[in-house]
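Analysis of the macromolecular model
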2 protein chains.
Amino acid sequence: MAKRRTITIKEVARVAGVSVTTVSNYLNGQMARMSPETRDKVGKVIEDLHYQPSSAAQSMRSNSTKIIGVIVGDISNVFSPLLFGGLQKVLKPRNYSLMLLSADNDPDDESRCIGKLLRQHVDGLIIQPTQDEPEAFYPITVSGTPLVIVDGIVRALPRNAAHVTSDNTTSTAAMCRELHERGYGRILTVSESTAPTSSQMPRLRTVAGCAADLHMEHVALDMRGHDDAWLAESIRGGLTPGLRTAVFPLMGPMLFHTLDALMLAGLSFPDDLGLVSFDDWNWGRFIGHGVDLLQRDIDEIGRLAGESLLRIIETGSPERSEISVPTKRIAGHSL
Amino acid sequence: MAKRRTITIKEVARVAGVSVTTVSNYLNGQMARMSPETRDKVGKVIEDLHYQPSSAAQSMRSNSTKIIGVIVGDISNVFSPLLFGGLQKVLKPRNYSLMLLSADNDPDDESRCIGKLLRQHVDGLIIQPTQDEPEAFYPITVSGTPLVIVDGIVRALPRNAAHVTSDNTTSTAAMCRELHERGYGRILTVSESTAPTSSQMPRLRTVAGCAADLHMEHVALDMRGHDDAWLAESIRGGLTPGLRTAVFPLMGPMLFHTLDALMLAGLSFPDDLGLVSFDDWNWGRFIGHGVDLLQRDIDEIGRLAGESLLRIIETGSPERSEISVPTKRIAGHSL
DNA sequence: GTGAAAGCGCTAACAA
DNA sequence: TTGTTAGCGCTTTCAC
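Residues numbered from 1 in each chain as written. Chains lettered and ligands numbered in written order. Predicted model: local features only at pLDDT ≥ 70, side-chain atom pairs only at ≥ 80, totals over all residues. Heavy atoms only, no water.

1. Examining the pairing of strand β9 (residues 274-278) of chain B
- Here β9(B) lies mainly inside the structure; 5 of its 5 residues are buried.
- On β9(B), burial covers both faces: B:G274, B:V276 and B:F278 on one face and B:L275 and B:S277 on the other are all buried. (Buried < 20%, exposed > 50% of the residue type's maximum accessible area, 1.4 Å probe, protein only. Helix = DSSP H or I, 4+ residues; strand = E, 2+ residues; numbered from the N terminus.)

Spelled out as structure tokens, the structure:
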């Protein structure tokens, strides 16, 4: 199927027997600048020819593409569609389109994605960062493209960029205190060290700190390079009679691994041990008698990030550069 | 923050003291057409200036954007990231970017999305259709843009478009027979009539047909306009002592509703009734003692759709226009 | 080995 | 009310 010759504004003008200016005016709603007959005629020709103005040509003149670039670390994580949904809610009514790229948790890939979107001249950028090297974002700063960083933690926020995350420390600390009060003496965190920007990091640090303060034991299990059998083994090995243990997966995918490991190990909660997890997906209530959760509001993060971005685009600089969305405590029966 | 003046190829040429032609040659890897000194100098200037060639200008000449447009019915459905992941696997290595739009299950919105992507001159289109009016896709055909329709069922497939779906009828029919063999006498389907293109439709028809053939009762519960309490009521009302009943949600979100309804109704499976569901997400094993499922391989659908699209783009027409991906039967303990 | 210039489809002065 | 034309940033002949 040979791509048919593209229909241009010139073509429309020729067929309608008017100048390109008139057609352009029509496209841009400047109806006052032509007679009603001309208007109808142009409209009809556009219809007949199924003419679609080229946004490439348009944006080349207008310096605006109405495209927002989004880079996530891992597209298959449920985080992505939730974020996207939130973003769409505020961006779509404003007529922006979203270009979604996945960096696959690879810093180099992320840099390539940034370049790609910059070449597209996107009007703004939303990034869930995989790397925290300030230089990675330098091209963005140079180009002057509005930027909002979501979820991940970066060492140095580029000038004029906004940052939207969920609360990690307060909620984690509160959970540690709760575990202490409930009589737990040991916490087994389950995480996977991927990017230095991962929100698991502050959570892990908080657990470590709080455990020390509360005189609880803390064992950090890192899934990196390991499988569920290893996790099952490690969890079982972490149990001591007389010392209540709570397993604490620090992100959704780790809850999956943990549940599989518990099945493998033949352990059940809350009898053999307690279970509480970070997770963004609302399915915990169906597991057992309900899993105790710390749940982020990703949709809200998306909305706030979108609004922040719009503000930067419109005013030229963010009003507030750091926004933290509260994490919800979902009660269950797994502790 | 005023968007800094864009750096152009002209600028680079001026600073490097060469012509734009030379810079262009450099960008396109035509290194043979310049001296090594020139090459290095140009490279350095590009680096220093953080120059990014404008893809709008490039695509205006080349007639290729290296962008694939994707339209899904509902971005918040887990279907979306899974499809996207599959698409990325084949498209990203070929240097295509994805532009994702959600039609929010609205035909008009879908048409708008199509227009938007056509104006972007995307190199190809992947659509999970919300409407099955053949005219809706006419602009695509006119523009000659390669098209692959995924998941949904359309009345008339546009000429030269490919179609990738999962098997709905065979798997559903097999399930009905299994239910019959297991001694079930009544099937309660749970669906939500949204789009006429929804894959729930063939599933529903198949259940109705098989139930009749096997002399089983079939009650179709349509969630449209109802809440979980209504569903709980309806399910309870659908039980008769002596006649084994199976609830059969026809898509993932309906499984959520059904589980909530069962909790509300105080019914448990497989004791009070059987439960089997279509669902694309792999969490069913954590529910109760595991839910019996019919699971599509969305990642595979994405990969096949991507490959199909590439084939259309490259050869000009699809080799095989209808592809059906088998649906997996995940064994559980809910029947 | 290097450069000048035409033209991709569109918008916006400026003319008529 | 309508038309002419100069670019936007880039690629690509065709000369030098």
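2. Remarks on the relation of the copies chain A and chain B
- Superposition of chain A onto chain B requires a rotation of 180 degrees combined with a translation of 0.0 Å along the rotation axis, giving an RMSD of 0.1 Å. The transformation just described matches what one would write down for a two-fold rotation axis.
- Most of the interface of chain A is mirrored in chain B, where 98% of its interface residues again form contacts. (Least-squares fit on C-alpha atoms with pLDDT ≥ 70 in both. Contact = heavy atoms within 4.5 Å.)

3. Considering the UniProt feature "domain: HTH lacI-type" (unreviewed entry) in chain A
- UniProt marks residues 7-62 of chain A with the feature "domain: HTH lacI-type" (unreviewed entry), using the numbering shown here.
- Note that residues 7-62 of chain A is 68% helix and 0% strand, and that its end C-alpha atoms are spaced 21 Å apart. (UniProt positions renumbered as here; feature names shortened; annotations may be inferred.)

4. Quick look at the interface of chain A and chain B
- On the chain B side, the residues contacting the 66 residues of chain A number 65 residues.
- Both sides of the chain A and chain B interface together cover about 5700 Å² of buried area, and 59% of this is carbon and sulfur.
- There are 6 salt bridges connecting chain A and chain B.
- B:K92 is the salt-bridge partner of A:D109, the closest N and O atoms lying 2.8 Å from each other.
- Summed over the shared surface of chain A and chain B, the number is 18 residue pairs in polar contact (both at pLDDT 80 or more).
- Secondary-structure elements contributing two or more residues to the side of chain A that touches chain B are α4 (55-62), α5 (79-91), β2 (97-102), α6 (107-119), α7 (138-143) and α11 (252-265) of chain A.
- Class assignment for the residues of the side of chain A that touches chain B results in 31 nonpolar, 26 polar and 9 charged.
- Of the strand pairs in this sheet, β2(A) and strand β2 (residues 97-102) of chain B are connected by 3 bridges, and their pairing is antiparallel. The residue bridging A:L100 from the neighbouring strand is B:L98, located in β2(B). (Buried area = accessible area lost by both parts, 1.4 Å probe. Salt bridge = Lys/Arg side-chain N within 4 Å of Asp/Glu carboxyl O. Polar contact = N/O pair within 3.5 Å; in protein donor to acceptor, adjacent residues only side chain to side chain. Nonpolar A, V, L, I, M, F, W, Y, C, P; charged D, E, K, R; others polar. Pairing = 2+ DSSP bridges.)

5. What about the pairing of strand β11 (residues 322-325) of chain B?
Residues and elements named next belong to chain B.
- Only one face of β11 is buried: it carries I323 and V325, and the other face, with E322 and S324, is open.
- Pairing analysis gives 4 bridges linking strand β5 (residues 161-166) to β11, with the strands arranged parallel. Across the sheet, S166 pairs through a bridge with V325, a residue of β11.

6. Overview of the sheet that holds strand β3 (residues 124-127) of chain A
- The 12 strands lie next to each other as β11(A)-β5(A)-β4(A)-β3(A)-β1(A)-β2(A)-β2(B)-β1(B)-β3(B)-β4(B)-β5(B)-β11(B), forming an open sheet whose pairing is mixed. The open sheet has two free edges, formed respectively by β11 (322-325) of chain A together with β11 of chain B, since each of these has just one partner strand. Averaged over all pairs of adjacent strands, the angle between strand axes in this sheet comes to 20 degrees, irrespective of strand direction.
- One ladder, built from 6 bridges, connects strand β1 (residues 67-72) of chain B with β2(B); its direction is parallel. By the bridge assignment for β2(B), B:G69 is matched with B:M99. (Axes fitted to C-alpha atoms, helices over the stretch in contact; angles between N-to-C directions.)

7. Looking at the protein's contact with DNA strand D
- In the vicinity of DNA strand D lie 24 residues, with A:S19, A:T21, A:R61, B:I9 and B:Y51 positioned nearest.
- Sugar plus phosphate, as a fraction of atoms of DNA strand D within 4 Å of the protein: 55%.
- B:I9 places a main-chain nitrogen or oxygen 2.3 Å from a phosphate oxygen of DNA strand D.
- Between DNA strand D and B:R61, the relevant distance is 2.8 Å, taken from a base oxygen to a side-chain nitrogen or oxygen of the residue.
- Those elements giving two or more residues to the surface near DNA strand D turn out to be α2 (20-27) and α4 of chain A together with α2 (20-27) and α4 (55-62) of chain B. (Near = heavy atom within 4 Å.)

8. Side note on helix α10 (residues 228-237) of chain B
All names here are of chain B.
- Within α10, the full set of buried residues consists of L231, A232, S234 and I235. Taken end-on, α10 shows its buried residues confined to a sector of 165 degrees, consistent with a single buried face.
- Looking at the buried positions of α10, the neighbouring elements they touch are β6 (186-191), β7 (217-222), β8 (245-249) and α11 (252-265). (Arc of directions from axis to C-beta.)

9. Things to note about the packing of α4(A) against α4(B)
- Two elements in contact, α4(A) and α4(B), have axes separated by 9 Å at closest approach and are oriented at 140 degrees. Between α4(A) and α4(B), the crossing angle belongs to the class labelled oblique. Along this stretch, α4(A) crosses α4(B), giving a crossing that reads as left-handed. Only B:A56, B:A57, B:S59 and B:M60 of α4(B) make contact with α4(A), whose side of the interface consists of A:A56, A:A57, A:S59 and A:M60.
- Taken together, the residues that form the contact of α4(A) with α4(B) break down as 6 nonpolar, 2 polar and no charged. (Parallel < 35°, antiparallel > 145°, perpendicular 65-115°, else oblique. Left-handed = near helix turned anticlockwise from the far one by under 90°.)

10. Digging into the pattern of salt bridges
Residue and element names in this part refer to chain A.
- Under the criterion given, the structure shown has 39 salt bridges over all chains.
- Between K89 and D299 there is a salt bridge; the shortest N-O distance is 2.8 Å. With K89 in helix α5 and D299 in helix α12 (residues 298-315), this residue pair connects regions lying 210 residues apart in the sequence.
- A relative accessible area of 49% means that K89 is categorised as partly exposed.
- The shortest N-O distance in the salt bridge between R329 and D292 comes to 2.9 Å. In this pair, R329 is assigned in strand β12 (residues 328-330) and D292 in strand β10 (residues 292-295), connecting sequence segments 37 residues apart.
- Take R329: its relative accessible area is 31%, and that puts it in the partly exposed class.
- Where salt bridges share partners, they join K89, D299, E300 and R303 into one cluster.

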